[in-house]
Each structure stands twice: as structure tokens, then as C-alpha cells.
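# Reading the structure
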Amino acid sequence: MQVIRSPAVMTAWAEAERRAGRRIVLVPTMGFFHEGHLSLMRLAAGHGDRVVVSLFVNPAQFGPGEDLAAYPRDFERDRDLAGRSGVDVLFAPDVEDMYPPGFQTTVSVGDLTRHLCGSSRPGHFDGVATVVTRLFGITRADAAVFGEKDFQQLAVIRRLVADLNLGLEIIGHPIVREEDGLAMSSRNTYLDEDERATALCLYESLRLARREVAAGVRDCALLRERVRAHILARPGTEIDYVALVDTATLEPCERVTDTTLLAMAVRINNRVRLIDNGLVLTGT
Ligand code: AMP
């Protein structure tokens, strides 16, 4: 596996690969890899001839007071893990190379970014959409893999690729969970033992909602209240949002259908913000 830091070198490599008729699949990440990231890499390997993983903690998608400086980083460990997961290039640019002097373009997706994480993290999705568009350009990717853990991000990327005719295939990967159900996240490393136990309330809530739906509940307001009550029963939790939305529009649903997604963001001890989501009518 090669490590490439320069965008120009990355593009030259990608163009040579494309000229040779090879299909490039990109996995954008912020590093500190866990099994979720590694699953995306393995999926990418099955969808093309070359896998590029980008590792870039993108300042533009963090708001003031968020965890940009504290975000966990371990380049050596990430390089070893990616090297063992079928990755051809680890593209790890510096901030100054991703946002060189004179950079002044923002990619901004509309309605899909107004809900959920978009309303609690203003500017976040502009930062994501801009950096991902630039990564698509630099890596000349034919396809890219994103996790459903960040369901709204996946929807935003699909929208921007369609709206701007970028011509890449976008591939979603289901949420990868710990054995007890906690969705894997680089941010889980912030949790101490008690907080780790508290964090399970997100997955428990999803299971609770699914049980209620299986028992016949279809009223989203009622489901939302039950989920909120379950989360708030745990000391130290604060709800950023709990919403039942349609997977296509991310607009709130009134009645449960097979495309109704429960999406949650919860802060633990006013310190760690975790997200989770899942369909409520199907799955386990
Ligand atoms: P991140 O490094 O957190 O920006 O994540 C990089 C990519 O991995 C994104 O597409 C995430 O949605 C995806 N991802 C992160 N955690 C998980 C998980 N537990 N299951 C599936 N995909 C994930």
C-alpha cells in the first residue's frame, strides 16, 4: 500500500490507473479506524480494481466548540490497518493542500441538510459536501463507499452526485456495531466505562421502537415520545434530536411506513455526541 500526501501526486496516480482501464473506488474517512471503516474498505475492494482510502480530519465540517482538536488520531495504526484491508493507496493530505491559498468554493446541498445533524451543526454539511467533491476530483474515483451510520451524509452525497452529474456510483454500507449493539465510532474512544454503558441507550431505543412497531404502533409522535423517555431515563443524557423521518426526503413522518427511519443524536455528559439510526419497520 502506498501513502500519498500530495493531491497532485494522487491525481497523477489515479489518471494512470484509469488510462490502464482500472476502476477506482474511494472510501473517505477521518481516520482512527475501527471495524466499521475496515468493512467499508473490504466492500470497496469488491466494487473495483483499486481502493483509495482518504484520511483527512476536515476542519471545515467542525463547528466552533466542536471536537476538531481532540479528534482521535493515530496515523501509524491506521496505515497498518488499511494495509491489511485491501487498500492500494492511503491518501492523507495536509490541511494546507486540501485548502490551498485562494480556495473559495463551497458546495451546499439544500433541503436535505436542513434537518437532523444539519440543524444542530450549522455549516457541517457544506464542509462535508465541499471536501467530498474535492476528494472525488483529486482521486478521479469511479465509485465511493459511505456508511449508513451517517445516514444523512450518505443522502447528501447521493444528492450532490446526482445534481452535479458527477457520474460516480455511490455505495452504502450498513452500520457496523459492537457485540452489544453500540454503533462503532471513532468518538466511542471518548467514553469512559459508565458513559460507554449509557451510550447503549441509542441502540436500545432503536430496538424499543422496532418492538413497538412490531406490536402495531404506527403513530410517529408516540414512538418518538417513548424513545425520548427511554433515553432521558439514563442520567447524563441530553437529546440533540430524536426524529422519525422518511429515508428519501429526511422529512418527518406522521405514520410509520417501510421507509421510516429513526434517527437520533444524543450528548452524554455534555461532552460526547453520538448518533445512530435504523429503519423501524424491518430488520432486527
Ligand atoms: P468517519 O471516519 O467517522 O468520517 O467515517 C468514515 C466513513 O465510515 C463514513 O462513510 C461513515 O459513515 C463510515 N462509518 C463510520 N462508522 C461506521 C459504522 N459503525 N458502520 C458503518 N459505517 C461507518
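None of these values were measured; they are calculated from a predicted model. (Residues numbered from 1 in each chain as written. Predicted model: local features only at pLDDT ≥ 70, side-chain atom pairs only at ≥ 80, totals over all residues. Heavy atoms only, no water.)

## As for the site of the ligand
The cut-off we apply is this: Nearness of a residue to a molecule or strand requires only that one of the residue's heavy atoms be within 4 Å of it. Pairs of N or O atoms within 3.5 Å make up the polar contacts considered here, provided that, within protein, one atom can donate a hydrogen while the other can accept it, and that residues adjacent in sequence are counted only when both atoms are side-chain atoms. Each accessible area is a Shrake-Rupley estimate made with a 1.4 Å probe; only the visible protein chains count as cover when residues are assessed. What counts as a helix is a DSSP run of H or I of at least four residues, what counts as a strand is a run of E of at least two, and both are numbered from the N terminus. Here the term charged refers only to Asp, Glu, Lys and Arg, the term nonpolar to Ala, Val, Leu, Ile, Met, Phe, Trp, Tyr, Cys and Pro, and the term polar to all other amino acids, Gly among them.
What surrounds the ligand is a group of 17 residues, the closest being His37, Gly147, Asp150, Val176 and Met184. Between an oxygen atom of the ligand and a side-chain N or O atom of histidine 37, the distance comes to 2.8 Å. Valine 176 places a polar main-chain atom, nitrogen or oxygen, 2.8 Å from a nitrogen atom of the ligand. Contact with the protein chains hides 93% of the accessible area of the ligand, taken as 480 Å² for the molecule alone. Among the secondary structure elements, those contributing two or more residues to the shell around the ligand are strand E2 (24–29), helix H2 (35–45) and strand E5 (143–147). Taken together, the residues that form the shell around the ligand break down as 9 nonpolar, 6 polar and 2 charged.

## What about the domain arrangement of the protein chain?
A common way to state how big an interface is: give the accessible area lost once the parts meet. Operational definition: Domain segmentation is taken from an automatic or database assignment of domains. Between two residues, a contact is recorded if the distance between any of their heavy atoms is within 4.5 Å. Once two parts are put together, the accessible area they lose, assessed with a 1.4 Å probe and summed over both, is termed the buried area.
The domains assigned to the protein chain are domain 1 (2–173) and domain 2 (186–279). Here the C-alpha centre of domain 2 lies 26 Å away from the C-alpha centre of domain 1. With 21 residues of domain 1 in contact, the opposing surface of domain 2 contributes 18 residues. For the domain 1 and domain 2 pair, buried surface summed over both sides reaches about 1,700 Å², with 59% attributable to carbon and sulfur atoms. Among the residues of domain 1 in contact with domain 2, His115, Leu116 and Phe151 are the three that bury the most area, contributing 35% of the side total.

## Considerations on the packing of helix H1 (residues 7–19) against helix H6 (residues 124–139)
Rules: Fitting a line to C-alpha atoms yields each axis, with helices limited to the stretch in contact; the angle taken between N-to-C directions then spans 0 to 180 degrees. Here roughly perpendicular refers to angles of 65 to 115 degrees, roughly parallel to angles under 35, roughly antiparallel to angles over 145, and oblique to all remaining angles.
Where H1 contacts H6, the two axes come as close as 7 Å, and the packing angle between them is 55°. Overall, the two elements H1 and H6 adopt an arrangement that is oblique. Residues Pro7, Met10, Thr11 and Ala14 of H1 lie in contact with H6, whose contacting residues are Arg134, Ile138 and Thr139. Looking at the contact of H1 with H6 residue by residue, the class counts come to 4 nonpolar, 2 polar and 1 charged.

## Notes on the sheet that holds strand E6 (residues 169–173)
Applied cut-off: Any two strands with at least two DSSP bridges between them are considered paired.
Taken in spatial order, the 6 strands make up an open sheet running E1-E4-E3-E2-E5-E6, and their pairing is parallel. Each edge of the open sheet carries a strand with a single partner, namely strand E1 (2–4) and E6. Along the sheet, successive strands turn relative to each other by an average axial angle of 25°, direction set aside. In terms of strand pairing, E1 meets strand E4 (residues 89–91) through 3 bridges, oriented parallel. In the sheet register, isoleucine 4 faces E4, and the bridge partner there is phenylalanine 91. Its contacts with the sheet put helix H3 (residues 75–83) on E1, strand E3 (50–55) and E4, and the angle it makes with E4 is roughly 150°.

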